[in-house]
Amino acid sequence: MSFLQLDDIVKTYPGTERPSVADFTLGIDRGEFVSLLGPSGCGKTTTLRMIAGLIEATSGRIHLDGKELTRTPVHQRGMGLVFQNYALFPHLNVARNVAFGLEMRRTSKAEAKRRVEEALDLVRLGHLSGRRIKQLSGGQQQRVALARALVIEPSVLLLDEPLSNLDAKLRDTMREEIRSIQRKLGITTVFVTHDQDEALAVSDRIVVMSEGVIEQVGTPEQIYEHPANRFVANFIGRANLFDAEITHTANGVAELDVAGLGQLRAVDDHGAKGPATVLVRPHRMQVSKAAADDAHGTVETVVYVGDSIEYDVRVGDATVSVQSVAGAAERLERGASVRLSWQTEDALVLT
Amino acid sequence: MSAKTRSARLTVLGLTVPGLLGLAVSFVLPLAWLLRMSFNRGDSTGFIEETFTLDSYAQFVGDSYYWDMAWETTLLGLGVTVLTILVSYPIALFLVRTESRFKGILVALAVAPLLTSSVVRTYGWLVLLGNQGVVNQALMGAGLVDQPLALINNRLGVYIALVEIMMPYMILCLLAGFGRFNPELEHAAQSLGANRWRTFWRIVWPLSMPGVLTGALLVFVLTISSFVTPRLVGGGKVFYLATEIYDQATATLNWPFAAAIAFILLALFAVVIVIYQRALRRIEAQ
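The residue numbering used here restarts from 1 in each chain and proceeds along that chain's sequence as written. In the order they appear in the text, chains get letters beginning with A and ligands get numbers beginning with 1. Since the coordinates come from a predicted model, pLDDT governs what is reported: local features require at least 70, and pairs of side-chain atoms require 80 or more to be given and counted, while whole-chain, interface and lining totals use all residues.

### Notes on the overall build of chain B
Every helix listed is a DSSP run of H or I at least four residues long, and every strand listed is a run of E at least two residues long, numbered separately from the N terminus. Regarding its fold elements, chain B presents 12 helices and two strands. Each helix and strand of chain B, ordered N terminal to C terminal, gives the series α-β-β-α-α-α-α-α-α-α-α-α-α-α. Between the two quantities, the radius of gyration covers C-alpha atoms and the globule rule is 2.2 Å times the number of residues to the power 0.38. In terms of overall dimensions, chain B is more spread out than a globule: its C-alpha atoms have a radius of gyration of 24 Å, far above the 19 Å expected for 286 residues. Across its three principal axes, chain B shows a C-alpha extent of roughly 80 × 70 × 30 Å. Neighbour counting defines burial: a residue surrounded by 20 or more other C-beta atoms within 10 Å of its own C-beta is buried, one with 12 or fewer is exposed, and intermediate counts give partly exposed, using backbone-placed C-beta atoms. Buried residues in chain B amount to 31% of all 286 residues. The contact criterion used here is simple: two residues whose C-beta atoms, placed from the backbone, lie within 7 Å are in contact. Here the contacts in chain B between residues at least 6 apart in sequence split such that 72% fall between residues at least 24 apart.

### Focus: the domain arrangement of chain A
Where interface size is given, it is often the accessible area lost as the parts come together that is meant. All names here are of chain A. Where a domain begins and ends is set by an automatic assignment or by a domain database. Each domain of chain A was delimited in the assignment, giving domain 1 (4-230) and domain 2 (239-350). Placing a centre on the C-alpha atoms of domain 1 and another on those of domain 2 gives a separation of 39 Å. Of the residues lining the interface, four residues belong to domain 1; the matching set on domain 2 comes to five residues. Gly is placed with the polar residues, together with every amino acid not listed as nonpolar (Ala, Val, Leu, Ile, Met, Phe, Trp, Tyr, Cys and Pro) or charged (Asp, Glu, Lys and Arg). Considered class by class, the residues forming the side of domain 1 that touches domain 2 number one nonpolar, two polar and one charged.

### What about the packing of helix α7 (residues 155-177) of chain B against helix α9 (residues 196-225) of chain B?
All names here are of chain B. Each axis is a line fitted through C-alpha atoms, taken for helices only over the stretch in contact, and angles between the N-to-C directions span 0 to 180 degrees. Where α7 meets α9, the axes come as close as 8 Å, and the angle between the chain directions of the two elements is 150 degrees. The angle between the axes of α7 and α9 places the two elements in the roughly antiparallel class. Note on packing geometry: the crossing formed by α7 with α9 is right-handed. Mapping the contact onto sequence places Leu162, Met166, Tyr169, Met170, Cys173, Leu174, Ala176 and Gly177 in α7 and Ser208, Pro210, Gly211, Val212, Thr214, Gly215, Leu218, Val219, Leu222 and Thr223 in α9. In terms of residue class, the contact of α7 with α9 is made up of 12 nonpolar, six polar and no charged. For classification, angles of less than 35 degrees are called roughly parallel, those exceeding 145 degrees roughly antiparallel, those between 65 and 115 degrees roughly perpendicular, and all remaining angles oblique. By convention, the crossing between two helices is left-handed when the near helix turns anticlockwise from the far helix through less than a right angle, and right-handed when the turn is clockwise.

### Observations concerning the UniProt feature "transmembrane region" (unreviewed entry) in chain B
Residues and elements named next belong to chain B. UniProt positions are given in the numbering used here, feature names are shortened, and annotations may be inferred rather than shown by experiment. When the UniProt feature table is mapped to this numbering, "transmembrane region" (unreviewed entry) covers residues 12-35, 75-96, 105-126, 156-178, 199-224 and 255-276. Taken end to end, residues 105-126 has its terminal C-alpha atoms 28 Å apart, with 73% of it in helix and 0% in strand. The span residues 255-276 shows a helical share of 100% and a strand share of 0%, and its end C-alpha atoms are spaced 31 Å apart.

### So, unusual backbone geometry
Here the phi dihedral of A:Ala87 falls at roughly 50 degrees; this positive angle occurs in a residue that is not glycine. Tracing the backbone through its elements, the reader meets A:Ala87 in the loop between β6 (80-82) and α2 (94-104).

### A short note on the interface of chain B and chain A
With 17 residues of chain B at the interface, the matching set in chain A holds 18 residues. Going through the elements one at a time, α8 (183-191) and α9 of chain B are the ones with two or more residues in the side of chain B that touches chain A. If you tally residues by element for the side of chain B that touches chain A, the top one is α8(B), at six residues. Split into classes, the residues belonging to the side of chain B that touches chain A amount to seven nonpolar, seven polar and three charged.

### Some points on the packing of α2(A) against helix α4 (residues 138-150) of chain A
Residue and element names in this part refer to chain A. Axis separation between α2 and α4 bottoms out at 7 Å; the angle between their running directions is 30 degrees. Between α2 and α4, the crossing angle belongs to the class labelled roughly parallel. Seen along the crossing, α2 lies across α4 with a hand that is right-handed. Residue-level inspection shows Val94, Asn97, Val98, Phe100 and Gly101 of α2 in contact with α4, the latter providing Val144, Ala147 and Arg148. Residues of the contact of α2 with α4, tallied by class, amount to five nonpolar, two polar and one charged.

### What to know about helix α12 (residues 255-285) of chain B
The span you would expect from a helix comes to 1.5 Å times its residue count less one. With 31 residues, α12(B) extends 45 Å between its outermost C-alpha atoms, agreeing within 8% with the 45 Å of an ideal straight helix rising 1.5 Å per residue. The complete set of buried residues in α12(B) reads B:Trp255, B:Pro256, B:Phe257, B:Ala258, B:Ala259, B:Ala260, B:Ile261, B:Ala262 and B:Leu265.

### Digging into the pairing of strand β18 (residues 318-325) of chain A
Residues and elements named next belong to chain A. Bridging between strand β17 (residues 308-315) and β18 involves eight bridges; their strand directions are antiparallel. Paired with Glu310 across the bridge in β18 is Gln323. Paired strands are those between which DSSP finds at least two bridges. Between the end of β17 and the start of β18, which pair antiparallel, lie two residues, with Gly316 showing a positive phi angle near 60 degrees.

Structural data, given as structure tokens:
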């Protein structure tokens, strides 16, 4: 059993038939940083709140460090929560906000003072301890919320979309900061986000969810390079998905007949012939100019984004996204006839 | 001064003057006239002597009967205010927290009594609380009491009726005052180890203070100035400053004395408003 173990967790809200979270089973190791990732309504926040105890699971069990806490009320779970809207107490100043959890634990005044200072120094807000909450910027408020959750030395840190109310630049900084603090303290962390970049950047493992069920659990690399299915492939990063017929497969490589592109090869872990879907990321696509009678399609749009150039290529009814490094290849014009292909190791057969 | 600021000033002037004029004519002038009246000499024949004397005030201050009345009035104001907070707070908290789709209707229902005149509601209470009223009938029917309880024509009835009449005002103030409140704050407090009790006293109650204070001020002022309910439910047997003003003005016809009491009541308002402002400033300074 893992440090934080969730078994067969189900949440069905009264008056709804479909469960919001279904058969959720996951083990999280001590010190691990796990992201719950998925579109809104996928059940990730509900899952987090069941771990926190704010929502009661319809069925299933939660164990922390070997002890069952499925029915333990929120205030006895000792977990640190950071909310999307920070939920700082507006009538208390920064230091009193951070001290709140310690006061509830009846920590001695002297020790509380020391720990509050430590926690505020950790999030680099030591100089603002006397400020009122509404005098703080969004990023500072988020840091106070983090300090308030960490000061109680929680068994688990639960972060509910903590970055989504910050502007893009601050979001990246805070993301790094949260991750480095988490590493420093070695605290087990569950992070809910709908932002795949965020999840890829900070997580030890990612749990991709959709419609209440787990689609895939894996390291960021596994999720990105070997998505388990079409949903994960589409949700994580940009993806081209091709319909293909596997004509021959052996030693992990399939020979394919791809609609519109002809004979190509792809990595194949399944080893079954027949119809299949092939995933190729836009930056792994190869595109080259071709004579009109020899071409697969035509360039529909060309977008220059600095580091790279993005093409949309029309192939039959479908549009294929291609991203090529600016300057590395010859630049294609709108309307150009092109051929598309890929290296075998850059394409993956999905079930 | 640039033309722009001058025109801005003219706009401000143009917008405020009508209101100020209205206030002057309908409030300040009558008040001034009333103040002047309180310095005249009157007697129970209705005769008013134009003079400048503090006789009416002296009469009030010199008579323990009126001190008692002022004390009972203050007590009524405080009592009704506290009781109204106690019964309104749970309702307001429920209305703030509920995620029911009928929330709008529930809020409307809670304040709907405001649509009815307090005279009508007072008569309603007379019907309910009288010797033959629903409450006494039910109590006797259940065998809990042998004789009807005296629920009207006394102070108890006045308290009961006024609390109910004041509830919609209090609920409205509390709802408005809960503006800074967010259910997530309760979750945050709980996650930090606070049980329900401490979550309430440390988070919910302090955050609702502005609403509680505003509601308390409004209810206190409305209560000590209310006349119809104490008069009807009190059955002419209990006396407060507001009923006394009416009696002095219409029955005794001693207008100067009535005016003097009115100004003493006004002084009570002033004290309460100063307390309110102080308390509010202290909360906001946190």
